[in-house]
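# Close look at the chain arrangement
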Amino acid sequence: MTGHSIFTTASIAAGILSQLASGYIVMNTPTSFNLHSGSPLLQVGPLGDANPFPCHGATTVNSVTTLTAGSSTPVSFTGQAVHGGGSCQFSITYDYPGSATDPAQWKAIYTLIGGCPASAAGNLPAGSPDSSGRADGPHCGNDSGTECMRTFQVPIPKGLKNGNATFSWSWFNKMGNREMYQNCASVTITGGTEDSAFYESLPPMFAANIPGQCTTGPEGVLNIHNPGKYGKVLEQPRAGTEGSCAQAGGIPTFEVGNDNSESNTGGPSVSTSTLDIPSTANTIPASPSSSAGFASASPQTPETANTITTTDADSPSKVNTENTTSCSADGAIVCIGTHYFGVCDHGVAVPQLLAPGMVCSSGVIAKRK
């Protein structure tokens, strides 16, 4: 072996290790292909030449997750560079293991507009790495905490066909380069149907920022075109983020109850004017990281404080998202009244419910004394 080939091999290995050690995101539940075994191990970067669509080209099954149609499944992540969050989709294909290169062969079962996989001012602070050396940050343990990695309960439609399938999480980041991320997991669907009629009725996965697909627009929460009937609007999308992709045609109004699922434990969806946030949220306060070129949030005083109507002054559960607060420093935390805060995004902060026992003061979220 020549010295040149040794150098090349070493460089490739170093690049892989560097990517594993960086703080991007991987789906750990359900267990992604090549998560802890397989060659190469699942990388944490976006889709591209090195990590092709679909699924990074990874097909090594580490574990098979059983999904019961009509119930829900937890989806959680490892990582730290959440790019402020973004919009996500969860999809299914019966191509097994997932190698279908046409996005139309992947059907979206649930869509999150904003707040996925986190709601953060930038990136999360790095914590202890996982067993394969990937950087990790704080975890919320729910789908409503801020400055921490969220866990989502994704409804599995009752009408899905039984059998082996591939489950996909795809993500369009709010900040940074226009990219698409995707991880896939081996699953078996039970308790469903014996035909594919319902599956075929679902919209195709939204794909962008990869070869052969459209390119999304400027930074901000992406309003996904044709998101399907089921999902949540966790943060208001920014106009124009569709770029060269098909326009979304307004903020989606998802069905509150999935008529093809007996249990939608992901909680109520969000209409175009009302944001429902569980009052049992467990927010983990953390100082946003400035890594990967993202600045840490600085305190922000609301320029115009609007009145927020709640259903219970002591335990509010609904926020009218039309009552936004003007702000000037993007990424800054804005304290809004007694029970709410927002993150400044292009001059506007949308009220979000503070977790019980937490208080927002001078742009800092902390435990109530």
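Our structure's up above, just so we're on the same page.
Here the structure is a predicted model, which means the values were calculated and not measured.

Attention shifts here to the state of the cysteines. For the structure shown, the criterion picks out five disulfides. Covalent S-S linkage joins Cys88 and Cys116, the inter-sulfur distance amounting to 2.1 Å. When the S-S torsion is -100°, as for the bridge of Cys88 with Cys116, the disulfide is left-handed. Taken together, the positions of Cys88 in strand E4 (residues 86-93) and Cys116 in the loop between strand E5 (107-113) and strand E6 (152-155) put the pair 28 residues apart, joining distant regions of the chain. Taken as a pair, Cys88 and Cys116 share a single burial class, namely buried. Bridging Cys140 to Cys148, the disulfide has an S-S length of 2.0 Å. With the S-S dihedral at roughly 105°, the linkage between Cys140 and Cys148 falls on the right-handed side. The buried category is assigned to Cys140, whose relative accessible area is 4%. Owing to a relative accessible area of 0%, Cys148 belongs among the buried residues under this scheme.

Pairing within the open sheet is mixed, and its six strands lie in the order E2-E8-E7-E4-E5-E9. Each having just a single partner strand, strand E2 (65-68) and strand E9 (231-233) make up the two edges of the open sheet. Recorded for the sheet is a direction-independent mean angle of 30° between the axes of neighbouring strands. With four bridges connecting them, E2 and strand E8 (residues 181-190) associate as parallel partners. Looking across to E8, one finds that Thr65 is bridged to Val187.

A full pass over the atoms with the stated rule returns ten aromatic pairs. With a centroid separation of 6.0 Å and 20° between ring planes, the pair formed by Trp169 and Trp171 is classed as stacked. With respect to burial, Trp169 and Trp171 carry one shared label: buried. Look at Phe172 and Phe206: their rings are 5.1 Å apart centre to centre, the planes differ by 65°, and that puts the pair in the edge-to-face class. With a gap of 34 residues between them, Phe172 in strand E7 (residues 163-173) and Phe206 in the loop between helix H2 (197-201) and E9 connect regions that are remote in the sequence. As far as burial versus exposure is concerned, Phe172 and Phe206 are alike and both buried. Each residue in the set Phe77, Phe90, Tyr110, Phe152, Phe167, Trp169, Trp171 and Tyr181 is aromatic and connected to the rest through ring pairs, giving one cluster.

Moving on, we get to the sheet that holds E6. The strands that make up a sheet pair up through hydrogen bonds in the backbone, lying either parallel or antiparallel. One open sheet accounts for three strands, arranged E1-E3-E6; its pairing is antiparallel. Taken across any chain shown, the strands that pair with only one partner, and hence form the sheet edges, are strand E1 (26-29) and E6. Sheet twist, expressed as the mean angle between neighbouring strand axes with direction ignored, is 45°. Relative to E6, strand E3 (residues 72-78) is paired through four bridges, and the arrangement is antiparallel. Within E6, the position partnered with Pro74 by the bridge is Gln153.

Next up on the list: unusual backbone geometry. The amide bond that connects Tyr96 to the next residue, Pro97, takes the cis arrangement and shows omega of -10°. Summarising the element assignment, Pro97 is placed in the loop between E4 and E5. Of note, the bond from Cys116 into Pro117 is cis; its omega dihedral lies within 30 degrees of zero at 0°. The residue Pro117 is located in the loop between E5 and E6 in this model. Of note in this structure, Glu147 is not a glycine but carries a positive phi near 55°. Mapped onto the fold, Glu147 is located in the loop between E5 and E6. You will see that Asn226, though not glycine, has its phi angle at about 50°, which is positive. Checked against the element boundaries, Asn226 lands in the loop between H2 and E9. Residue Asn226 is classed as partly exposed on the basis of its relative accessible area, which comes to 37%.

Under the defined criterion, the tally for this structure stands at four salt bridges. One salt bridge in this structure joins Asp130 and Arg134, with 3.1 Å as the shortest N-O distance. Accessibility classification places Asp130 together with Arg134 in one group, the buried group. Lys229 is the salt-bridge partner of Glu255, the closest N and O atoms lying 3.7 Å from each other. Pair noted here: Glu255 is in the loop between E9 and strand E10 (274-276) and Lys229 is in the loop between H2 and E9, with a separation of 26 residues, a long-range link. Accessibility expressed as a relative area gives 31% for Glu255, which makes it partly exposed.

Scoring rules and cut-offs
- Residues numbered from 1 in each chain as written.
- Predicted model: local features only at pLDDT ≥ 70, side-chain atom pairs only at ≥ 80, totals over all residues.
- Heavy atoms only, no water.
- Disulfide = S-S within 2.5 Å.
- Helix = DSSP H or I, 4+ residues; strand = E, 2+ residues; numbered from the N terminus.
- Buried < 20%, exposed > 50% of the residue type's maximum accessible area, 1.4 Å probe, protein only.
- Pairing = 2+ DSSP bridges.
- Axes fitted to C-alpha atoms, helices over the stretch in contact; angles between N-to-C directions.
- Phe/Tyr/Trp six-rings, centres within 6.5 Å; stacked < 30°, edge-to-face > 60°.
- Salt bridge = Lys/Arg side-chain N within 4 Å of Asp/Glu carboxyl O.

Such coordinate-based values are descriptive only and should not be taken to indicate function.
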